[in-house]
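# Descriptive analysis of the structure
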Amino acid sequence: PSTTQARLGASADRDVFQFTLTQTTTVSLTTTGALDTHGILLDASGNTVAEDDDLGVGTNFRIRRKLTAGTYALVVKGATGTEIGAYALQITP
């Protein structure tokens, strides 16, 4: 499990987080905070595996998926493209 503090600093800003799994694992990816976030999970080839806008608490996204071993990228952006502010990204197996 990990929690990373982050910030969208300008309109249309996107943060990208990369992580690698060494075995098949069910992973929960979510943000916390007051910012309205949208998450997009990509595989190593850049294909969208999953995306969400508001399944988390309030206006936070939540993606829960069983993923095979490999490298993934998570793109976090504002849901409307105009959000600016702090949030925390939580990754939990």
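In case you missed it, the structure is sitting above this.
My aim in this report is to walk through the structure given alongside it, one point at a time. Please read all numbers here as calculations on a predicted model, not as lab measurements. (Residues numbered from 1 in each chain as written. Predicted model: local features only at pLDDT ≥ 70, side-chain atom pairs only at ≥ 80, totals over all residues. Heavy atoms only, no water.)

## Some details on the environment of Thr-31
- For Thr-31, the position within the fold is in strand 3 (residues 25-32).
- Taking relative accessible area as the criterion, Thr-31 reaches 2% and is therefore assigned buried.
- Here the alpha-carbon distance between Thr-31 and Asp-54, two residues 23 residues apart in the chain, equals 10.0 Å.
- The residues touching Thr-31, leaving out its near neighbours within four places in the chain, are Thr-37, Asn-60, Phe-61, Val-76, Tyr-87, Ala-88 and Leu-89.
- Looking at Thr-31, its side chain comes within polar contact range of the side chain of Thr-37, at 2.5 Å. (Helix = DSSP H or I, 4+ residues; strand = E, 2+ residues; numbered from the N terminus. Buried < 20%, exposed > 50% of the residue type's maximum accessible area, 1.4 Å probe, protein only. Contact = heavy atoms within 4.5 Å. Polar contact = N/O pair within 3.5 Å; in protein donor to acceptor, adjacent residues only side chain to side chain.)

## With respect to the side chain of Asp-52
- Counting through the fold element by element, Asp-52 comes out in strand 5 (residues 48-52).
- The side chain of Asp-52 is buried and forms no salt bridge, while Arg-62, the nearest opposite charge, is found at 8.0 Å.
- A polar contact is formed between the side chain of Asp-52 and the backbone nitrogen of Leu-55, at a distance of 2.8 Å.
- The contacts of Asp-52, once residues within four sequence positions are left out, are His-38, Gly-39, Asn-60, Phe-61, Arg-62 and Ile-63. (Lys, Arg positive; Asp, Glu negative; His and termini not counted. Salt bridge = Lys/Arg side-chain N within 4 Å of Asp/Glu carboxyl O.)

## A look at the side chain of Glu-83
- As for its placement among the helices and strands, Glu-83 is situated in the loop between strand 7 (70-78) and strand 8 (85-92).
- No salt bridge is formed by the buried Glu-83; the nearest opposite charge belongs to Lys-77, separated by 8.9 Å.
- Looking at Glu-83, its side chain comes within polar contact range of the main-chain nitrogen of Gly-81, at 3.2 Å.
- Filtering out sequence-adjacent residues up to four positions away, Glu-83 remains in contact with Leu-8, Ala-10, Leu-35, Asp-36 and Gly-78.

## Observations regarding the sheet that holds strand 2 (residues 14-21)
- Taken together, four strands build an open sheet; the order of strands is 2-7-4-5 and the sheet is antiparallel. At either end of the open sheet lies a strand with only one pairing partner, and these are strand 2 and strand 5. The sheet shows a mean angle of 20° between the axes of neighbouring strands, taken without regard to direction.
- Of the pairings in the sheet, the one linking strand 4 (residues 37-42) to strand 7 comprises six bridges and is antiparallel in character. (Pairing = 2+ DSSP bridges. Axes fitted to C-alpha atoms, helices over the stretch in contact; angles between N-to-C directions.)

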